[in-house]
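Coordinates in review
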Amino acid sequence: MKNIIWVLIVGLSVTAFGFGQDGSKVTIEDLGWMSGCWKKKGKTEDSFTMEHWTRPAGTMLGLNRRVKNGRVEFFEYLRVEVSDGNISYVARPMGAKVETPFKLTSLRNNEAVFENPVHVFPQRIVFLVTDIVTFAVRVEADKKGKTSGFGFSMKKQSCDQN
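Report on the accompanying structure. (Residues numbered from 1 in each chain as written. Predicted model: local features only at pLDDT ≥ 70, side-chain atom pairs only at ≥ 80, totals over all residues. Heavy atoms only, no water.)

So, about the pattern of salt bridges. Applying the stated criterion across every chain, the model contains seven salt bridges. Residues glutamate 99 and arginine 79 are paired through a salt bridge, measuring 2.7 Å at the closest nitrogen-oxygen approach. Pair noted here: glutamate 99 is in the loop between β5 (86-93) and β6 (100-108) and arginine 79 is in strand β4 (residues 71-83), with a separation of 20 residues, a long-range link. The salt bridge involving arginine 124 is made with glutamate 140; its shortest N-O contact spans 2.6 Å. With arginine 124 in strand β8 (residues 124-131) and glutamate 140 in strand β9 (residues 134-143), this residue pair connects regions lying 16 residues apart in the sequence. What makes arginine 124 buried here is its relative accessible area of 13%. For glutamate 140, a relative accessible area of 13% translates into the label buried. (Salt bridge = Lys/Arg side-chain N within 4 Å of Asp/Glu carboxyl O. Helix = DSSP H or I, 4+ residues; strand = E, 2+ residues; numbered from the N terminus. Buried < 20%, exposed > 50% of the residue type's maximum accessible area, 1.4 Å probe, protein only.)

Right under this line is the structure:
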């Protein structure tokens, strides 16, 4: 019985994660809703975080940067690509010597979940466009059976600003 349940879970996971809701194969172009410039105001008037994603063209390129007092405090190079037949989100934060890949495990409507269970933090990154101008991000990890993390929202803006 356990084997049958396991096969059903794996089968449903492959179907849900490898294909769109209409049964079509998921492509990077299905993540086009992520493209554009997204901004989050910081704690002070002169601080903000901005993320810029290119339109899909077989790959999506992204840049996240946090600015305070007119200076970049943190940045991260990002991309979404096909690697080994899977769609992956790849991050390389400021100062990192290596990139960290996160495999797309779920894509439903305007929500994408990328996971890397062997990474310490984060293990899961969830992107969601809740409406045409709001981009929500949640980063999580599982520790001792509990999920911890944080989330934030960004607003769409012209890429000519900041």
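Additional details are given in the paragraphs that follow.
So, about the state of the cysteines. Inspection of the entire model under this criterion finds one disulfide. Covalent S-S linkage joins cysteine 37 and cysteine 159, the inter-sulfur distance amounting to 2.1 Å. Note on the cysteine 37 and cysteine 159 pair: the S-S dihedral is about 115°, so by sign convention the disulfide is right-handed. Separated by 122 residues along the polypeptide, cysteine 37 in strand β1 (residues 36-41) and cysteine 159 in the segment after β10 (146-157) bring together distant segments of the chain. (Disulfide = S-S within 2.5 Å.)

Quantified by volume, the largest pocket comes out at close to 720 Å³. Listed by contribution, the elements that provide at least two residues to the lining of the largest pocket are β2 (47-53), β3 (60-68), β4, β5, β6, β8, β9 and β10. Residues of the lining of the largest pocket, tallied by class, amount to 15 nonpolar, seven polar and seven charged. (1 Å grid on protein atoms, 1.4 Å probe; cavity = no way out; pocket = protein on both sides within 12 Å on 5 of 7 lines; lining within 4 Å. Points joined across faces, edges and corners; volume = space filled by probe spheres on them. Nonpolar A, V, L, I, M, F, W, Y, C, P; charged D, E, K, R; others polar.)

What follows covers the sheet that holds β2. Spatial ordering of the closed barrel is given by β1-β2-β3-β4-β5-β6-β7-β8-β9-β10, a layout of ten strands whose pairing is antiparallel. Adjacent strand axes in the sheet meet at a mean angle of 25°, parallel and antiparallel pairs treated alike. Where β2 lies against β3, seven bridges are found, and the strand directions are antiparallel. Residue pairing across strands places serine 47 opposite lysine 68, the latter belonging to β3. (Pairing = 2+ DSSP bridges. Axes fitted to C-alpha atoms, helices over the stretch in contact; angles between N-to-C directions.)

Leu31, Trp33, Tyr89, Phe114, Phe127 and Phe135 are the most contacted members of the largest nonpolar core, which totals 25 residues. Here phenylalanine 127 is in contact with Trp33, Met34, Glu51, Tyr89, Asn110, Glu111, Ala112, Phe114, Phe135, Ala136 and Val137, once residues within four sequence places are set aside. (Core = buried A, V, L, I, M, F, W, Y, C linked by side-chain atoms within 4.5 Å. Contact = heavy atoms within 4.5 Å.)

Okay, the side chain of threonine 49 next. Relative to the assigned elements, threonine 49 resides in strand β2. In contact with threonine 49, other than residues within four places in its own chain, are Trp38, Lys39, Lys40, Asn64, Arg65 and Arg66.

So, about the environment of phenylalanine 135. Mapped onto the elements, phenylalanine 135 comes out in strand β9. Spatially, the C-alpha atom of phenylalanine 135 lies 7.3 Å from that of lysine 156, the residues being 21 residues apart in sequence. Phenylalanine 135 has contacts with Trp33, Met34, Trp38, Glu51, Phe127, Leu128, Val129, Phe152, Ser153 and Met154, leaving out every residue within four places of it along the chain.

According to the stated counting rule, one finds ten aromatic pairs in the structure shown. Members of the aromatic cluster, connected to one another through ring pairs, are Trp38, Trp53, Tyr89, Phe102, Phe114, Phe127 and Phe135. Here the basic side chain of lysine 39 rests over the ring of phenylalanine 48, its NZ or CZ set 4.5 Å away from the ring centre. (Phe/Tyr/Trp six-rings, centres within 6.5 Å; stacked < 30°, edge-to-face > 60°. Lys NZ or Arg CZ within 6 Å of the ring centre and 35° of its normal.)

In terms of burial, β9 is a largely internal element, seven of the ten residues being buried. Linking β8 to β9, which pair antiparallel, is a turn of two residues. Where β9 and β10 come together, ten bridges link them in antiparallel fashion. The partner of alanine 136 across the bridge, within β10, is serine 153. Between β9 and β10, which pair antiparallel in sequence order, lie two residues; one of them, lysine 144, sits at a positive phi of approximately 50°.

Geometric descriptors of this kind do not, in isolation, establish any biological role.
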